[in-house]
Amino acid sequence: MSTLPDDHKSYHIITYGCQMNENDSERLAGQLRKLGYEETRDMADAAIILLNTCCVRESAEKKIYGKIGELKRLKAANPNLIIGVAGCMAQKDRDKLFKKAAHIDLVLGTHNLHQLGELVEEILQSRERVLAVWEQAEQNAPDVPTIRKNQISAWVPIMYGCNNFCTYCIVPYVRGRERSRPLSDIVGEVRELGGQGFKEITLLGQNVNSYGKDVPGHADFADLLTAVDRDGTIARIRYMTSHPRDMNAKVIAAIRDGNHICEHFHLPVQAGSDAVLARMNRGYTVDYYLNLVRQIRREVPGASLTTDIIVGFPGETEEEFSETLNVIKTVRFDAAYTFLYSQRSGTPAAAMPDQVPPDIKKERLQRLMQAQNDISLELNRRQEGQRVEVLVEGDSKNDANKMMGRTRTNKIVIWEKTGAETVGDLVQVEISSGQTWVLKGHLRQPV
Ligand code: SAH
Ligand code: SF4
Ligand code: F3S
């Protein structure tokens, strides 16, 4: 392989983890574009490769370390290549990464994201490696340009960090304490997105329901939702993630009364046993959660409900696990994201006694997924014969003759392409077949 010329300016970013990371990558891309770099899909062609990393579970980390190993070959072939590791794993493993992986030029922590541009220039000049990982966020980190991946749907961060310290979770350690963005900045960004033709936004935070609580007298999440809804420039407003403990009547009313806020509640329950929830430090009981669900169903009929569940939390007995099965059967979630508990060193749960053996965890996950799949299928079958409003997102991934989009309730819909639909349109689709993960149907008409 030949060495790429010095003036070759292209970048390739690989993003792992959650929506927050997706949005961060757009802001990493924005800084590189400002330096004159263009995106390339071919990693071997890039002058800068960035991995924006996640460490929420061991499986994510393993995958990323594997990728870092692979990059050694590219660096050997092209010594001018700049390799950067950013994000949550960079924050957590900073020194290990810097010392052990000599082919990495830049380790960029979660609080240093806005420095990418200047650090790349520094590396180009000095050809020295850089470790940029601050322990804490700066008070007023400057805004950086964003290059959005998608022209229909945009991420809008409303707050950073998390104060909850669920005992299994690494996020508060790598993302710091909660910091809310000013309401006027958020509304301004949303208005700008509306003006650019975006149809959907997702307000992002680790715990959006505690928006504003870090500033005395600040507007809260319900106020923010209402402000964004009233602005009226965006057809669909989504948000994630809600902590059940902080979801309240005011937020539910804002969703009920809003015109553009989608009727979808993602409320991670995590476990169905009060004892496990207490060990997880979740701050609510099963009864509280079921009450919240009843309230949502009463106030926002037809809303969809999804959740996250961890199986095999330390000390989880068969009895406690069966309580989780009971909860999913009682609530009847539209979908559940299910995870094997993963020990994260430094978190309280990692040091708890009675860690559940891997084979028991896996067997429980199988049973949980099976039970949930049956429920999802049943609920999706009920949509057969109905007409739903769908935002057209693009070609179906598996079949170029088909299109895909989502309902307001966040269900994926697939239909035979007619040529009458355009990406970004709101259309009516009649559902002919409800399946476990998707709804299939026929285009009826543009809305
Ligand atoms: N702030 C969000 C997202 C956190 S990470 C929230 O509170 O919902 C997304 C999901 O990953 C969590 O909801 C949880 O179900 C899962 N998760 C977090 N830490 C985990 C761990 N150590 N092992 C397994 N799953 C974990
Ligand atoms: Fe992790 Fe809990 Fe914070 Fe979510 S709310 S990021 S699960 S500590
Ligand atoms: Fe992963 Fe960091 Fe998100 S650990 S889940 S990328 S906040």
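For the structure, see preceding data.
Every value quoted in this text rests on a predicted model; they were computed, and no experiment measured them.

**Thoughts on the pattern of salt bridges**
Next, step 1: One pass over the full model with this rule turns up 36 salt bridges.
Next, step 2: Note that aspartate 24 and arginine 175 form a salt bridge whose closest N and O atoms lie 3.0 Å from each other. Here aspartate 24 is found in helix H1 (residues 19–34), whereas its partner arginine 175 is found in helix H6 (residues 171–175), with 151 residues between them in sequence.
Next, step 3: When its relative accessible area of 5% is taken as the criterion, aspartate 24 is described as buried.
Next, step 4: Residues lysine 92 and glutamate 61 are paired through a salt bridge, measuring 2.9 Å at the closest nitrogen-oxygen approach. You can see lysine 92 sitting in helix H3 (residues 88–92) and its partner glutamate 61 sitting in helix H2 (residues 58–77), a full 31 residues away along the chain.
Next, step 5: Lysine 92 sits in the partly exposed class, given a relative accessible area of 29%.
Next, step 6: The network of salt bridges with shared partners includes Glu316, Glu318, Glu363, Arg364 and Arg367.

**Let's talk about H1**
Next, step 1: An ideal rise of 1.5 Å per residue puts 22 Å on 16 residues; H1 measures up with 23 Å between its terminal C-alpha atoms.
Next, step 2: Of all 16 residues that make up H1, twelve are buried, and the element is covered over most of its length.
Next, step 3: Residues Met20, Asn21, Asn23, Asp24, Ser25, Glu26, Arg27, Leu28, Ala29, Gly30, Gln31 and Leu32 constitute the buried set of H1.

**What to know about the site of ligand 1**
Next, step 1: Every one of the 14 residues lining ligand 1 counts as a neighbour, but Arg57, Gln206, Gln270, Asp308 and Ser342 are closest to it.
Next, step 2: Here glutamine 206 contributes a backbone N or O atom positioned 2.8 Å from a nitrogen atom of ligand 1.
Next, step 3: Summarising the interface, the protein chains cover 89% of the accessible area of ligand 1, which totals 540 Å² for the free molecule.
Next, step 4: For the shell around ligand 1, the secondary structure elements donating two or more residues are strand S13 (304–311) and strand S14 (335–340).

Rules used in this analysis
Residues numbered from 1 in each chain as written. Chains lettered and ligands numbered in written order. Predicted model: local features only at pLDDT ≥ 70, side-chain atom pairs only at ≥ 80, totals over all residues. Heavy atoms only, no water. Salt bridge = Lys/Arg side-chain N within 4 Å of Asp/Glu carboxyl O. Helix = DSSP H or I, 4+ residues; strand = E, 2+ residues; numbered from the N terminus. Buried < 20%, exposed > 50% of the residue type's maximum accessible area, 1.4 Å probe, protein only. Expected span 1.5 Å × (residues − 1). Near = heavy atom within 4 Å. Polar contact = N/O pair within 3.5 Å; in protein donor to acceptor, adjacent residues only side chain to side chain. Areas by Shrake-Rupley, 256 points an atom, 1.4 Å probe, with all protein chains shown as cover.

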